[in-house]
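Per-entry structural report
Residues per chain are reported as follows:
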Amino acid sequence: MESALTARDRVGVQDFVLLENYNSEAAFIENLRRRFKENLIYTYIGSVLVSVNPYKELEIYSKQQMERYRGVSFYEISPHIYAVSDNTYRAMRTERKDQCILISGESGAGKTEASKKILLYYAVTCPMNDHMAALGDRLLQSNPVLEAFGNAKTLRNDNSSRFGKYMDVQFDFRGAPVGGHILNYLLEKSRVVHQNHGERNFHIFYQLLEGGDEDLLNTLDLERNPQNYQYLVKGNCPRVSSISDKNNWKVVMKALPVIGFTEEEVQKLLNIIAGVLHLGNTQFGEGEEGETYITTETQITKLVKLLGVDGSALREALTHKKLTAKGEEMISPLNFEQAISARDALAKAVYGRTFTWLVEKINQSLALKDEIYHSNKGSSVIGLLDIYGFEVLQHNSFEQFCINYCNEKLQQLFIELTLRSEQEEYETEGIAWETVQYFDNKIICDLIEEKHKGIISILDEECLRPGETCDVSFLEKLEDTLGGHPHFVTHKLANGKTRRVMSREEFRLLHYAGEVNYNVNGFLDKNNDLLNRNLKEVMCQSDNQILSRCFRREEVMDQKRPEMAATQFKNSLMKLMEILMSKEPSYVRCIKPNDAKQPGRFDEVLVRHQVKYLGLMENLRVRRAGFAYRRRFEAFLQRYKPLCPETWPNWHGRLVDGVSTLVNHLGYKPEEYKLGRSKIFIRFPKTLFTTEDALEAKKPEIALTLQTSWRGYRERAKYQRIRRAETAFCMYTIPLVVYGSVFIRFIKGFIYRHEEYCPENEYFLDHVRYSFLKNLRKNLPKSVLDKSWPTPPPLVVEASEHLRTLHMRNMVVKYCRRVQPEWKKQMVQKVVASEIFKDQKDNYPQSVGRLFLDSRLEREQINLKVVQTLGNDKYGASVTKYDRRGFKPRPRQLLLTNTFAVLVDRTKIKQRIDYTALRGISVSSLSDGMFVLHMPSEDSKQKADAVLQCDHVIELVTKLAMMAGKIDYVNISPGSIRFTVARGKEGIIDFVRGSEMKVTKGKRGHLLVTVPRTNTT
Ligand SMILES: Nc1ncnc2c1ncn2[C@@H]1O[C@H](COP(=O)(O)OP(=O)(O)O)[C@@H](O)[C@H]1O
Ligand SMILES: [Mg+2]
């Protein structure tokens, strides 16, 4: 942006945030128009790309152009779809976060073209080996195939996508594409059997008839003229001047094998396409008794051959319906209309399911292969969403309802992620500002999708309700439930003016993008999407493998009703929203300049409408309400530092201070800018223009300085170092042929090695990284105790730290897996001991190397009676108990059970200490073995505190604390321990250092424990 600002007057601004009059829609459109006239079809609103369909080939998509955008900052260069592609790609690589690019706009605005350009950009610019190139090829080749089967000519767009597409491209850690996956949404199946005037069926039908050779057509029993097929004549538009069906046919036939279709699969696929055409030509007659019969027997013969089904079963299924009533199967004849709808339902189902199969097949071919998958768990994804745009036709039906609902959901996401996040950015940066109002379309989403009350629920209910239901009863139900909703109107509910433009069979939704009247005719049928069971049975038995995969036997057996079409669509949209929300979004907002698909024509009314419903003005207002321009401190400083002597050539202080110094030097007034926590926010575009102009003027001077210092630099000793590095490098890695250019890149890289990753230093930095990793691989520590690690170069310090942690974790996990249960128990206890005593008690270090034993007493040492009372396998240790009064020492055994501890005097249990009652365990910080068990003084059942001494105090206290669940209750007192002698009476043990261990009576009735110093070596 900044570098091209000199051209701003002639071609408007490249970023709408720089528009002075940012509240004016007229100024916005004027800027778009001026740029469009100059073939500048791309403009930013901050990071959102606005694209106007040029309807002509522009010279801006060459390989050289792609190279220009590689690795270049978003704002350094004129807006382009490649800039968005590159920026997204780099964000994925540097931030390691999944990305998605959401392309929206109405039909014909250029979404699909944009998505293709993005894919091509990745295919050309990403690093690739042969395997990846093959994948890139498959990714690209999947497009014409999907378009042949899923696109059609409509009034708005000669190549309109009649399905929604979300494509994930997966990249490995080097940034090379390694896999892809496509999700398809709601193909407009009704087009298979009917087209509006001036529209066509899906391209593939015409491609086959136009491009297929004579032999092929003969095998498929087809004639070349599309007019001969009922399913192709409804729109009365067999040819489209902008489309060459013949050439496209060739492209598709070439692409299919690349994506992995076998010859047989292609044949089966074409059989189905031809089968659908023959199905359309299957006609019915009405007998005298009202029975329906097939008048075109030859068609049945063709269908038998092409679809691989049984003739009489098909004949029967097209004219009869199988019902199950009270557990019994009944066959009932269809009347003439019913037979026609059954035939059309079959054609739609066959085509629709084949399309889904096709997508799955493509997915298999794009899938990450197993071995790559396993080595790529850390890889990242870029998602591309190219989904039908908001659509308003003369006659809007169920399909438009779904399409427009989808657009409402996407608008919600846009609000959520852009408008709201913009406002949140100010908050996180701690910048005060005024909230901007925008229309939140949640109310419309709710109107459509809310449980029980929303249009989809009402539609489902009406489809399932027993009794007479029809499209009109659905409309009445809508009126009853939704009457009064501000975004819902029907003829009955409308005022006089609106009533005049609405028919009685319509309901109107006030979408965020405008009003649309939907005709309810066909809503119930399309939502039901029913195919008679006997037709399904016929298809299950097909010997065409594609069809037998599409119609599964289990489906016929399953009595449960599948979900209705609208609900299925709603659920798949919910999933899509989840996918998109989990990624970092970028936006491309496509605009259609005229309805006539003509280059150079800019219809202001049409554009204004799109600007409005795409919410572009709101987007801009929010972006500008606070500040027109924001940049991270480092980026701002990096660009403008030559303008201030203190910041040039390098600023060594805090970034925020550097920016502050710089803008003070430039004379920014306080109201012109704010410093956030990590970014500078500039309020007016003018401020930025002035700064940019100053930089422009300074450039020759900077160039001179750089040249001079470069020459000087060459002379200096550092150069020798490079030479040495270069020589070593060449010996190992570079063939002589590329020696020269590699050498220069290497040196250049060395010079720029402290800069951010850029084309000048990428080679050098990659080499440094690579060498370090190679060296690391050879010198990884082999055991958890080995703390060595190769010293990383500054560039990879952070990565090295991560690797070190990972490697250590890995070794620890491996180690733990090998550990025996006994050893594990030991380690757990040792860890607890460390938590309690490490750096707290002097004799802890000595205990570390000694095993904790299961007991310190032999079985025979414990009195039999006691064993009988307490059971075996208790931890026990010999202790000395000091009387609370007089401190007379007495030998005792301390035994630990699961719920209490006991003090035993030879044969007698003298004291029982319930763990639940234990208030605390105190030890000194010295290396003595004294410990006190604190008991609640008010509890008459429990005796008062016990003053004890043990030679294994660390082990004993650890075990006791663990068994009692009182690890946090261990106190380590440095000087003395207070304890309760009796209710209200306190005793004290003092600890002092001395030459030998002694326990004596001290002054004032204290117990004095003299403890020798531990030898810490
Ligand atoms: N960037 C572009 N350059 C040239 N022509 C374009 C461009 N974008 C769109 N078009 C033209 O407009 C037509 C419709 O575009 P498309 O991407 O199919 O629309 P959408 O997917 O939004 O319905 C394309 O067939 C092509 O002729
Ligand atoms: Mg499209």
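Every residue gets a number counted from 1 within its own chain, in the order that chain's sequence is written. Labels are handed out in written order, letters beginning with A for the chains and numbers beginning with 1 for the ligands. Where local features are concerned, this predicted model is filtered to residues with pLDDT of at least 70; where side-chain atom pairs are given and counted, the filter is 80 or more; whole-chain, interface and lining totals use all residues. Calculated side-chain values reflect all of the structure's heavy atoms, with hydrogen atoms and water omitted.

1. Describing the confidence of the model for the protein
- Averaged over all residues, the pLDDT of the protein equals 87, while 92% of them reach at least 70.
- Confidence per residue, as judged by the predictor, is encoded in pLDDT with a range of 0 to 100. Contacts are residue-level and defined by heavy atoms, with any inter-residue pair within 4.5 Å sufficient. Confidence drops under a pLDDT of 50 for residues 1-9, and excluding neighbours within four residues, the segment shows 30 contacts in the predicted structure.
- Here residues 728-740 is a poorly scored stretch, pLDDT under 50, and it has nine contacts once near neighbours within four places are set aside; other chains count.

2. Here we look at the UniProt feature "binding site: ATP" (unreviewed entry) in the protein
- On the UniProt side, "binding site: ATP" (unreviewed entry) is annotated at positions that read Gly105, Glu106, Ser107, Gly108, Ala109, Gly110, Lys111 and Thr112 here.
- Inspection of the secondary structure assignment puts Gly110 in the loop between β3 (99-104) and α4 (111-125).
- Gly110 has contacts with Asn53 and Cys590, leaving out every residue within four places of it along the chain.
- When you line up the elements, Thr112 lands in helix α4.
- In contact with Thr112, other than residues within four places in its own chain, are Glu147, Ser161 and Asp386. UniProt positions are given in the numbering used here, feature names are shortened, and annotations may be inferred rather than shown by experiment. Secondary structure elements are defined from DSSP: runs of H or I of at least 4 residues count as helices, runs of E of at least 2 residues count as strands, and each element is numbered from the N terminus.

3. What about the site of ligand 1?
- Any residue with at least one heavy atom within 4 Å of a molecule or strand is counted as near it. In the region of ligand 1, 16 residues are neighbours, and Asn53, Gly108, Lys111, Thr112 and Asn157 sit closest.
- Polar contacts here mean pairs of N or O atoms no more than 3.5 Å apart (in protein, one a potential hydrogen donor and the other a potential acceptor; neighbouring residues in sequence count only if both atoms are side-chain atoms). The separation between an oxygen atom of ligand 1 and a polar main-chain atom of Ala109 is 3.3 Å.
- Lys111 is positioned such that a nitrogen or oxygen atom in its side chain is 2.8 Å from an oxygen atom of ligand 1.
- Burial of ligand 1 by the protein chains amounts to 87% of its free accessible area of 550 Å².
- Each residue is assigned to one of three groups, with Ala, Val, Leu, Ile, Met, Phe, Trp, Tyr, Cys and Pro labelled nonpolar, Asp, Glu, Lys and Arg labelled charged, and all others, Gly among them, labelled polar. Here the shell around ligand 1 is composed, by residue class, of four nonpolar, seven polar and five charged. Computed with a 1.4 Å probe, the accessible areas rest on the Shrake-Rupley method; for each residue, only the protein chains presented here act as cover.

4. A few points about the coordination of the magnesium ion (ligand 2)
- The donor set covers N, O and S atoms within 2.8 Å of the metal, switching to 3.2 Å for Na, K and Ca, and it leaves out water, so a site may look short of donors. Surrounding the magnesium ion (ligand 2) are the protein donor atoms Thr112 (OG1) and Ser161 (OG), which sit 2.0 to 2.1 Å from the metal. Of this pair, Thr112 sits in helix α4 while Ser161 sits in strand β5 (residues 160-161), and the two are 49 residues apart along the sequence.
- Looking at Thr112, the relative accessible area reads 13%, which means it is buried. Buried residues are those whose accessible area, probed at 1.4 Å on protein chains only, stays under 20% of the maximum for their type, while exposed residues exceed 50% and partly exposed ones sit between those limits.

5. What to know about the packing of aromatic side chains
- Each pair of aromatic rings taken from Phe, Tyr and Trp, with Trp reduced to its six-membered ring, is defined by centres within 6.5 Å and is described as stacked if the planes are under 30 degrees apart, edge-to-face if over 60, and tilted in the remaining cases. Within this structure, the stated rule accounts for 29 aromatic pairs.
- A centroid spacing of 5.9 Å and a plane angle of 35° characterise the contact between Tyr89 and Tyr122, whose relative ring orientation is tilted. Here Tyr122 lies in helix α4 and Tyr89 lies in helix α3 (residues 81-95), a separation of 33 residues in the sequence. Each member of the pair, Tyr89 as well as Tyr122, carries the same accessibility label: buried.
- Ring geometry for Phe390 versus Tyr512: centroids 6.3 Å apart, planes at 55°, classification tilted. Taken together, the residues Phe390 in the loop between β12 (380-386) and α15 (398-429) and Tyr512 in the loop between β14 (506-511) and β15 (514-519) connect sequence positions 122 residues apart. The exposure classification of Phe390 matches that of Tyr512, with both residues buried.
- Put simply, the rings of Tyr61, Tyr69, Tyr82, Tyr89, Tyr121, Tyr122 and Phe171 pair up and form one aromatic cluster.
- Either the NZ atom of lysine or the CZ atom of arginine qualifies as a charge over a ring when it sits within 6 Å of the ring centre and within 35 degrees of the ring normal. One residue, Lys117, lies across the ring of Tyr61, its end atom 4.3 Å from the ring centre.
- Between the NZ or CZ atom of Arg589 and the centre of the ring of Phe414, over which it lies, the distance is 3.8 Å.

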